[in-house]
Structure formats: structure tokens, C-alpha cells
Amino acid sequence: NRDWVIDEIAVTDENGTIINDAVYQRNVLVSDRLGIDIVYQGVGSTTSTDNYAVRDALRLYIDSGAEDVDLVSNAAYVAASTQAEGLYRSLTDVENLDLSKPYWSQGLNTAMDVAGSQYLCSGAVFLSYYRFIFVNFFNIDMFNNAGIELLYDTVDKGEWTFEKQSVLAKQLYKDSNGNGNSDEGDTFGFMGNHDMIGVDGYWASFELPILTKNEDGYYKYDLNLERTANAIEAINDFFWNNEGVMRVPYKSGDTEQDAIAQSFANEEAAMVTLRLIECENDLVGMTNYGIVPLPKFDENQQINRSAIHDSFSAFSIPNFNFSDDELAMLGAVLEVMASQSFKTITPAYYEQALKGRYINDPQSVA
């Protein structure tokens, strides 16, 4: 029931808003096509910070033998970290479910497939798969006023690196309160969370895999110690030694993200790292910002990579005694829900919500 995922499935009426109505129409189409009822059973409150509530509820179901749930939607990292408990059925042999289709996340499939078994899936079926992408927002006016090239061009030239961001943070910093110190009340080149999810995205954007697979499809430890050490040194230097960087500590429920977004909207920082969902929240009404990926570690890295916050939703089938026919129906439900989401919800989110309502900048759209 977290407020950032409850509208992914639990929509029972149209209300005239783009995303709500797209989800409602998806649910109706799936229900009509398969002759089913989509009944949502929420766990916890909208502001609950108990990230393991769904897992704990599923454990109780399995322990009690009460097989009253057909599908489980959970935060991906919770589902992934509890796969070995036997709470879920493998999805790889479920009839009617084709995880190779473009509406399923192929990156997640690759990561979650261990020696031919996979217990969770995600993609277009969930809005959080898009909403939770980490991006860099930047203030276009502040860049223009400082005579600095907009970050779109920097990205296109392959020059959007962490070192470049560090240099820009210093260039864009202003001692607004005039006390000679880098502190609250100044205008910062960069503002971000330094001790929790604000730095999570660098694992992906810096290309720092912790694990790779062996020839049998099992994971093995494969950390590049030199690259990782260099990255950690650069990150620490950025957050602790750069006067243009404002550190914002983690707060329960990731509420520091809202604080960072509000500061950015108030033009207290030229750049911030946040999830794309902030376009729908604290940045509504702000028009002079752009969006680019997180920076590469260095120019030797070929492409920009984006991380998705690991709280994005994923589907699993609980490990109950389903018949073959019941499993085939569940496969059909997942497949039709995902494919229909790809046709209706994804375009609504990108084409109407992000491009139209939330973003006024064509280069950010690209």
C-alpha cells in the first residue's frame, strides 16, 4: 500500500487523470479478456516504512496453508533477497508466460535467472519500473546564466563523466549568504543524498558489477577491486571535499528525496540526483529543468547506464499447490497484464504524462 506503488494495480474508477485512467482501462481490458476479477489486497499503510510487510504476509499464508492469493507484487529487492526461502514458484516453465517479450524487463530477467530458474519479473506492467529510474536533473537557467554548456550536449559528446560533474558543481556554487563558508543558505552546484540511495545509482552508472555468472549460470563474486576503490575515492572526494556539493542525510522512508527536490525547485541547487518520479511530485510546476542520465565514471566508459531504485515492483507466483490449469491461467494473467500495460500505460506515462504534463523541454524528452 505504499503511496508510490498503490496506483500500479489498485485503481477501481476513472478520475480524469492520465495515469489513473490508463491503469483502470488496463485492468478492465485484462478482466474482460480473461473473464477474471482483479482483487487487490493491500498490506500496510500508504506511508508505511515496513519494507518487508508483503514478504511477512506471504510467509504467514504459506505457514498456515491459506492459499488465498494468486499473485504477489513486492519490492524487487525484497523478492530477490528471499528467493531461497521457497516462497515463490519458478516462472520459467509457466504456460502462457513469455518473459522474452519486450514488455518484460530483459535486464531483470538476465539478473534474476540463476541456472535456469527465475522467481520474479517486472517491466511495463509496473509504473515504478519507470518512475524509479535515477536521473540527474539540472536547472537550465542557472547553466545559461553561468555561460555553461547544457548537459544534453555534454552527454551527446560522451563527456558527461563524474569528474565533469565535480568541476561543474564548483563552477555553479555561490556563497549566497556571504559568510565565506559552504553551508546552508548558499546556492550549490550539486545537492544529493550521500549515505543511502543517493549513491546507489553509481554501481550501475560507473559499471561496477559485484557478481557475474559462471558457465553453469550460478553467480560468482567478481568485483573489480581497483576500479571500485577508485570510484569510492572519487565519490568520497566529491561529497566531502567539494565546496559546491551539499550533502543531505538519509531520512526514514526516503523523505530526504522530497527535501532535495524541494530545494531544487527553489533553485537552491543547479544539479540533483533523484528518481524520475519527482517529475510527478515536487517538481510539478517547475519548467526550467532538464533531465540527463547519471554520469559515466570516465570517458573510457562507452555508454551511460541508468540504475533503477531497487524498490520497484516485481511480480511473483506464490509457492502454493496450484493445479496445471491454475498456473496456466496465472501465466495468462501476467502476460496479458504486461502486454496491455505496454500498449496503454507506458505510452500514457511517456507520451502524455512525462512529455506533456511534467516535462516542457524536448531535449529532456529525448
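Residues numbered from 1 in each chain as written. Predicted model: local features only at pLDDT ≥ 70, side-chain atom pairs only at ≥ 80, totals over all residues. Heavy atoms only, no water.

## Quick word on the pattern of salt bridges
Next up, step 1: Inspection of every chain in the model, using the stated rule, returns ten salt bridges.
Next up, step 2: Glu280 is the salt-bridge partner of Arg131, the closest N and O atoms lying 2.9 Å from each other. Highlighted residues: Arg131 in helix 5 (residues 128-131) and Glu280 in the loop between strand 7 (269-275) and strand 8 (289-292), separated in sequence by 149 residues.
Next up, step 3: On the basis of relative accessibility, which here comes to 4%, the residue Arg131 falls in the buried class.
Next up, step 4: Between Glu351 and Lys355 there is a salt bridge, with its nearest N and O atoms 3.2 Å apart. (Salt bridge = Lys/Arg side-chain N within 4 Å of Asp/Glu carboxyl O. Helix = DSSP H or I, 4+ residues; strand = E, 2+ residues; numbered from the N terminus. Buried < 20%, exposed > 50% of the residue type's maximum accessible area, 1.4 Å probe, protein only.)

## So, helix 1 (residues 18-34)
Next up, step 1: In this model, helix 1 (17 residues) spans 25 Å end to end at C-alpha, consistent with the 24 Å of a helix rising 1.5 Å per residue.
Next up, step 2: All of the buried residues in helix 1 are Ile19, Asn20, Asp21, Ala22, Val23, Arg26, Asn27, Val30 and Ser31.
Next up, step 3: Buried-residue contacts for helix 1 involve helix 5 and helix 13 (324-358).
Next up, step 4: Remark: Gly35 follows helix 1 within two positions and exhibits a positive phi of approximately 70°. (Expected span 1.5 Å × (residues − 1). Contact = heavy atoms within 4.5 Å.)

## Re the nonpolar core
Next up, step 1: In this structure, Trp104, Phe137, Cys279 and Tyr289 are the most contacted members of the largest nonpolar core, which totals 74 residues.
Next up, step 2: Top element by residues in this core is helix 13. It accounts for 13 residues.
Next up, step 3: In this structure Trp104 touches Leu97, Asp98, Leu99, Asn109, Cys121, Ser122, Val125, Leu334, Glu335 and Ala338, once residues within four positions along its chain are discounted.
Next up, step 4: Residues Ile148, Tyr202, Val245 and Phe297 belong to the second largest nonpolar core, which totals 32 residues. (Core = buried A, V, L, I, M, F, W, Y, C linked by side-chain atoms within 4.5 Å.)

## Quick look at the environment of Gly35
Next up, step 1: By secondary structure assignment, the location of Gly35 is in the loop between helix 1 and helix 2 (53-64).
Next up, step 2: Judged by its relative accessible area of 68%, Gly35 is exposed.
Next up, step 3: Separated by 33 residues in the primary sequence, Gly35 and Asp68 have C-alpha atoms spaced 19 Å apart.

## What about the sheet that holds strand 2 (residues 134-139)?
Next up, step 1: Read across the sheet, five strands follow the order 6-3-7-2-8 without closing on themselves; strand pairing throughout is mixed. Either end of the sheet is taken by a strand with one partner, and the two such strands are strand 6 (245-248) and strand 8. Averaged over all adjacent pairs, the angle separating strand axes in this sheet is 25°, with direction ignored.
Next up, step 2: Sheet analysis places strand 2 next to strand 8, joined by four bridges and oriented antiparallel. Note that in strand 8 the partner of Asn136 across the bridge is Val292.
Next up, step 3: Along the sheet face, helix 12 (residues 256-265) touches strand 2, strand 3 (188-193), strand 6, strand 7 and strand 8 and points at about 150° away from the line of strand 7. (Pairing = 2+ DSSP bridges. Axes fitted to C-alpha atoms, helices over the stretch in contact; angles between N-to-C directions.)

## A look at the side chain of Ser90
Next up, step 1: Its place among the elements puts Ser90 in the loop between helix 3 (76-81) and helix 4 (106-112).
Next up, step 2: Side-chain polar atoms of Ser90 contact the side chain of Thr92, separated by 2.9 Å.
Next up, step 3: There is a polar contact of 3.5 Å between the side chain of Ser90 and the backbone nitrogen of Gln118.
Next up, step 4: Setting aside chain neighbours within four positions, we find Ser90 in contact with Ser117, Gln118 and Tyr119. (Polar contact = N/O pair within 3.5 Å; in protein donor to acceptor, adjacent residues only side chain to side chain.)

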